Amino acid sequence: MIWCELPGHWLGNAALTSYGCRMISGLGITLQLVAISVSLGLVFGVLLAFARLSPIRPLAVAANGYMTFFRGTPILCQLFLVYYGAGQFRPFLDSVGLWGLFREAYFCAAFTFTLNTAAYQAEIFRGAIASVPRGQIEAGRSLGLHPPAIFLRIVLPQAAMIALRPLGNEVVIMVKSSAVASLVTLYDLMGTTRLAFARSFDLSVYLFAAALYLMIVETIRRVWDVVERRLTRHLQT
Amino acid sequence: MDPLFNLLAWGPGGWGDELAAGAGITIALALATLPFGVALGLLVALAKRSPHRIVRAFGTVYTTVFRGLPELLTLYLVYFGLSIGLQTGLKALGFSGRMEMPAFVAGMIALGLVLGAFSSEVWVGALNGIDKGQREGAAALGLRKGQIFRLVIMPQLLRLALPGLGNNWMVLLKETSLISVIALPDLMFWTGRATVVTKEPFLFFGLACLIYLFFSMVSAAGIAALERRVGRGYVRSPEAGR
């Protein structure tokens, strides 16, 4: 007996015993998708936030439009737009050598989730940078620091601390949103659970998946709390 | 004639009327869920502030569960769970016929449970934002508990909770797109049908996204107007720097 069959075995649940291993491997896919999209989205989101705050107007307008679109539409709609829509551009994607990527549901999901979370993360960074008190910048200027130094040494560290909490929430939201990947044939945790239910008609597989999702989300929240407390320990009394 | 115009035309040839009907169902579902979820959220928030430990624990567990589960999973659990429950209940009562769980009701309950969890956080924040003196002052005037809540706390609560509830509404609006997976003929459902028939997925999903975006932007404007209205009696003064 393999370890991932054990929960079903202990509970005496046939459906869980047969599909437990698939669900655990689905959990792996979910975690992969979240890790990829959140980390790539972080890089892209920082760039977007800079573009949004840039004094070059067309750049700021474009970034704002991007953020409005991705924050104002359902992630499911975005995923379908990429996954099904890409097929229409096959000749073009073929000619630039990207069709091999867009043919894969996994790539489409990771791609969409990255674009989506980048928009949300950019909004978090924008808000965090804007909420650093003006006096801090003025104090830096009165010390004779250059604008880049003011930004890197005064604004950014304070903004990063303000952004920490909403970023943790965003990771949790991505774990939950990634469940829609199951609707484009991906066997993530949600996908494997749907498969298990469709074959066994045993509702308890959904409860097991719910327990797994809650476990991930709570773990992320707890770990994030510890990290946050540690990084802001000089501010605590 | 322009092929794009044909695809989106009203009537049997085009998809315009289907998409409009679907968008109507999307809005109807979101509007039907809102009062249910927001009221549930207020109850959960009051539970979290209750003096009884067990009631408080219930509030915390409720929020943890429904905030942590993917909405899609909650939807499936509610839909299949209620369907099976309905079936067993009918059998126990002696009916042998099959009865389907209406997708609209299942969607309303699932999204309402989720909204209840998220809005309870907003309500808790708003309740904490009301000065203790307000309650004490009302009690000193001889108002009863129900009256204090209805006449003194509630009007202030609404003002404090509105920005958060506005956010909840925007999230809810986007979450309704998930209900198409249990075959409720909403905007996503009809868009999916249209792409299968017309082989124009980019056009139709792009259009659906823009319709959702339009709803989001109208909502944002509406919420801003509402906030101005409930806040009209309040001038930002330096000492009220909350």
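The coordinates are above.
Residues numbered from 1 in each chain as written. Chains lettered and ligands numbered in written order. Predicted model: local features only at pLDDT ≥ 70, side-chain atom pairs only at ≥ 80, totals over all residues. Heavy atoms only, no water.

### Describing the packing of helix 3 (residues 57–72) of chain A against helix 7 (residues 105–130) of chain A
All names here are of chain A.
- For the pair helix 3 and helix 7, the least separation of the axes is 9 Å and the interaxial angle reads 115°. On the basis of their axis angle, the class for helix 3 and helix 7 is roughly perpendicular. For the element pair helix 3 and helix 7, the recorded crossing hand is left-handed. Between helix 3 and helix 7, the contacting residues are Tyr66, Met67, Phe70 and Arg71 on the first element and Leu115, Asn116, Ala118, Ala119, Tyr120, Ala122 and Glu123 on the second.
- Grouping the amino acids of the contact of helix 3 with helix 7 by side-chain chemistry returns eight nonpolar, one polar and two charged. (Axes fitted to C-alpha atoms, helices over the stretch in contact; angles between N-to-C directions. Helix = DSSP H or I, 4+ residues; strand = E, 2+ residues; numbered from the N terminus. Parallel < 35°, antiparallel > 145°, perpendicular 65-115°, else oblique. Left-handed = near helix turned anticlockwise from the far one by under 90°. Contact = heavy atoms within 4.5 Å. Nonpolar A, V, L, I, M, F, W, Y, C, P; charged D, E, K, R; others polar.)

### Digging into the interface of chain B and chain A
- Across the boundary between the two partners, chain B contributes 35 residues, which contact 34 residues of chain A.
- For the chain B and chain A pair, buried surface summed over both sides reaches about 2900 Å², with 79% attributable to carbon and sulfur atoms.
- Of all residues in chain B, the largest losses of buried area upon contact with chain A belong to Lys174, Phe202 and Cys209 of chain B, amounting jointly to 18% of the total for that side.
- If you look at where chain B meets chain A, you find one salt bridge.
- For lysine 176 of chain A, the salt bridge goes to glutamate 71 of chain B, with nearest N and O atoms at 3.2 Å.
- At the junction of chain B with chain A, the criterion picks out eight residue pairs in polar contact (both at pLDDT 80 or more).
- Elements with a contribution of two residues or more to the side of chain B that touches chain A: helix 3 (53–68), helix 4 (71–92) and helix 9 (201–230) of chain B.
- The greatest single-element share of the side of chain B that touches chain A, amounting to 12 residues, is contributed by helix 9 of chain B.
- The residue makeup of the side of chain B that touches chain A, split by class, is 23 nonpolar, seven polar and five charged. (Buried area = accessible area lost by both parts, 1.4 Å probe. Salt bridge = Lys/Arg side-chain N within 4 Å of Asp/Glu carboxyl O. Polar contact = N/O pair within 3.5 Å; in protein donor to acceptor, adjacent residues only side chain to side chain.)

### Some thoughts on helix 9 (residues 147–177) of chain A
- In a regular helix each residue adds 1.5 Å, so 31 residues correspond to 45 Å; helix 9 of chain A covers only 39 Å between its end C-alpha atoms and thus falls short of that length.
- The largest bend in helix 9 of chain A comes to about 40°, at leucine 164 of chain A, with the proline proline 166 of chain A one to four residues further on. (Expected span 1.5 Å × (residues − 1). Bend = angle between axes of the 7 residues up to and from the residue.)

### Comments concerning the environment of leucine 115 of chain A
All names here are of chain A.
- Mapped onto the elements, leucine 115 comes out in helix 7.
- Considering only alpha carbons, one finds leucine 115 and isoleucine 75, 40 residues apart in sequence, at a separation of 9.9 Å.
- Excluding residues that lie within four positions of it along the chain, leucine 115 makes contacts with Phe44, Tyr66 and Phe70.

### A look at the pattern of salt bridges
- Taken as a whole and assessed by the stated rule, the structure comprises 10 salt bridges over all chains.
- Here glutamate 218 of chain A makes a salt bridge to arginine 221 of chain A, at a shortest N to O gap of 2.9 Å. Taken together, the residues glutamate 218 of chain A and arginine 221 of chain A, both in helix 11 (residues 204–231) and three residues apart, mark about one turn of the helix.
- A relative accessible area of 15% places glutamate 218 of chain A in the buried class.
- Across the salt bridge formed by glutamate 121 of chain B and lysine 48 of chain B, the nearest N and O atoms sit 2.8 Å from each other. Taken as a pair, glutamate 121 of chain B in helix 5 (residues 103–128) and lysine 48 of chain B in helix 2 (residues 16–48) lie far apart in primary sequence, 73 residues in all.
- For lysine 48 of chain B, a relative accessible area of 19% corresponds to the buried category.
- The network of salt bridges with shared partners includes Arg165, Asp225 and Glu228 of chain A. (Buried < 20%, exposed > 50% of the residue type's maximum accessible area, 1.4 Å probe, protein only.)

### Focus: the side chain of serine 120 of chain B
Residue and element names in this part refer to chain B.
- With respect to the secondary-structure elements, serine 120 resides in helix 5.
- Judged by its relative accessible area of 0%, serine 120 falls in the buried class.
- Of the polar contacts made by the side chain of serine 120, one reaches the side chain of lysine 48; its length is 3.0 Å.
- When sequence neighbours within four positions are dropped, the list of residues in contact with serine 120 reads Gly41, Val44, Ala45, Lys48, Thr63 and Leu115.

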